[in-house]
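Overview (structure and organization)
Next come the chains, spelled out residue by residue.
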Amino acid sequence: MIHRKEIRVYYEDTDMAGIVYYANYLRFIERARSDWVRDVGIDQLAMKEAGVVFAVRRVEADYVAPARFDDILEVRTTLDSLSAAKMVMAQEVWRGEDLIFTSKVLIVCIGSSGKPVRLPAECRLLET
């Protein structure tokens, strides 16, 4: 399943050259992952109440082409791999027919002590 989220580039997203500041792509893909989590039925507030939260452990990013003010972008998110302890999300940012950014994001869970814990059961039941 490919999850899609539309993002409009605002002036505040750009740098002095008028292109999207590189770190803002991480914000864009974070928003898309948050929507993906909600759409697959995972309740992050219930997880937090149970003492478990998601944490990004690693991000690999490739900036292919720049986005600019007022562009309409589409973030495409897929579950690349899944184990009892981690999820790897593949995310791409498209501007129309042009791929402009790719990433792999390693997600783990941590408990209230800050130490790693297994993914909740509803996560481990997801299919790649």
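Everything that follows concerns the structure shown earlier in this document.
Reading guide: rules and limits
- Residues numbered from 1 in each chain as written.
- Predicted model: local features only at pLDDT ≥ 70, side-chain atom pairs only at ≥ 80, totals over all residues.
- Heavy atoms only, no water.
- Helix = DSSP H or I, 4+ residues; strand = E, 2+ residues; numbered from the N terminus.
- Rg over C-alpha atoms; globule rule 2.2 N^0.38 Å.
- Buried < 20%, exposed > 50% of the residue type's maximum accessible area, 1.4 Å probe, protein only.
- Contact = heavy atoms within 4.5 Å.
- Areas by Shrake-Rupley, 256 points an atom, 1.4 Å probe, with all protein chains shown as cover.
- Lys, Arg positive; Asp, Glu negative; His and termini not counted.
- Charge placed at Lys NZ, Arg CZ, Asp CG, Glu CD.
- Phe/Tyr/Trp six-rings, centres within 6.5 Å; stacked < 30°, edge-to-face > 60°.
- Lys NZ or Arg CZ within 6 Å of the ring centre and 35° of its normal.

Details of the overall build of the chain
The secondary structure content of the chain amounts to 3 helices and 6 strands. Secondary structure elements in the chain, listed N-terminal to C-terminal, are β-α-α-β-β-β-β-β-α. For 128 residues, the compact-globule estimate of 2.2 N^0.38 gives 14 Å, and the chain sits close to it at 16 Å. Within the chain, the proportion of its 128 residues that are buried is 34%. Counting contacts in the chain only where the partners sit at least 6 residues apart, residues at least 24 apart contribute 64% of the total. Surface summary for the chain: the accessible area is close to 7700 Å², and the carbon and sulfur share equals 51%. Of the side chains in the chain, 18 bear a positive and 20 a negative charge, and the two mean positions are spaced by 7 Å.

Describing the packing of aromatic side chains
Scanning all chains against the criterion turns up 7 aromatic pairs. Here Tyr-22 and Tyr-63 contribute two aromatic rings whose centre-to-centre distance is 6.4 Å and whose plane-to-plane angle is 80°, an arrangement assigned as edge-to-face. Of this pair, Tyr-22 sits in the loop between strand S1 (3–8) and helix H1 (24–39) while Tyr-63 sits in strand S2 (residues 52–63); the two residues are 41 residues apart in sequence, bridging distant segments of the chain. With a relative accessible area of 49%, Tyr-22 lands in the partly exposed category. For Tyr-63, a relative accessible area of 37% corresponds to the partly exposed category. The rings of Tyr-21, Tyr-22, Tyr-25, Phe-28, Tyr-63 and Phe-101 are connected pair by pair, giving a single aromatic cluster. Arg-76 extends its terminal NZ or CZ atom over the ring of Trp-94, reaching a point 4.3 Å from the ring centre.

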